[in-house]
Amino acid sequence: MSEQRKIIHDDNNGLDYVLVGDYYIPMLALPEETRPIGYWGTLRKEYLKNHKSGMYSYLLLTGKLDSYLADLNEQSQKQYELIEAQMRSAEGVTEKLKAQNPIEWVRQCNNIRNRVREIVLSELVYV
């Protein structure tokens, strides 16, 4: 019986293989993503799973899913903050209003946040 090596390298494809039982299995590793997926990325991931399974499978199998979701999360958060600031300015939701009538200020801020959330969801997450 010949002695088999535990790990071999194939120069044709550049992969290393490890011996498991009687078979050599490729030693594959997904690229590490250090950025968080976040709120928007998590929503997008669920949407892809439920409504765009082909795209989800492609991103998952190619190892690009986490970086795609992290990019989308960053883009969505920037868009959210920009639109929120523009709406607050356009509707006069200022620190002066906060000092004069805090309850009205909170009501208007919540209203703006909810509308901005719907905009970001419809334009970036659920497409």
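Values in this document were obtained by computation on a predicted structure and should not be read as measured data. (Residues numbered from 1 in each chain as written. Predicted model: local features only at pLDDT ≥ 70, side-chain atom pairs only at ≥ 80, totals over all residues. Heavy atoms only, no water.)

### Some details on the domain arrangement of the chain
Assigned domains of the chain: these are domain 1 (1-29) and domain 2 (35-123). Each of domain 1 and domain 2 has a C-alpha centre, and these two points are 45 Å apart. (Domains from an automatic or database assignment.)

### Observations regarding the packing of aromatic side chains
If you walk through the whole model with that rule in mind, you get three aromatic pairs. Between tryptophan 40 and tyrosine 80 the ring centres are 5.8 Å apart and the planes differ by 45°, which places this aromatic pair in the tilted class. Remark: tyrosine 80 occurs in helix α3 (residues 65-90) and tryptophan 40 occurs in helix α1 (residues 38-51); sequence separation between them is 40 residues. For the pair shown, tryptophan 40 and tyrosine 80 are each scored as buried. Ring geometry for tyrosine 47 against tyrosine 126: centres 5.4 Å apart, planes inclined by 45°, an arrangement best described as tilted. Highlighted residues: tyrosine 47 in helix α1 and tyrosine 126 in the segment after α5 (102-125), separated in sequence by 79 residues. Among the residues examined, tyrosine 126 registers a relative accessible area of 38% and is labelled partly exposed. An aromatic cluster of three or more residues is present, and its members are Tyr39, Trp40 and Tyr80. One cation-aromatic arrangement involves lysine 98 over tryptophan 105; the distance from NZ or CZ to the ring centre is 4.7 Å. (Phe/Tyr/Trp six-rings, centres within 6.5 Å; stacked < 30°, edge-to-face > 60°. Helix = DSSP H or I, 4+ residues; strand = E, 2+ residues; numbered from the N terminus. Buried < 20%, exposed > 50% of the residue type's maximum accessible area, 1.4 Å probe, protein only. Lys NZ or Arg CZ within 6 Å of the ring centre and 35° of its normal.)

### A word on the pattern of salt bridges
In total, this model carries nine salt bridges according to the counting rule given. Ionic pairing is found between arginine 88 and glutamate 84, a salt bridge with its closest N-O pair at 3.3 Å. Taken together, the residues span about one helical turn, with arginine 88 and glutamate 84 both in helix α3 at a distance of four residues. For arginine 88, a relative accessible area of 22% corresponds to the partly exposed category. (Salt bridge = Lys/Arg side-chain N within 4 Å of Asp/Glu carboxyl O.)

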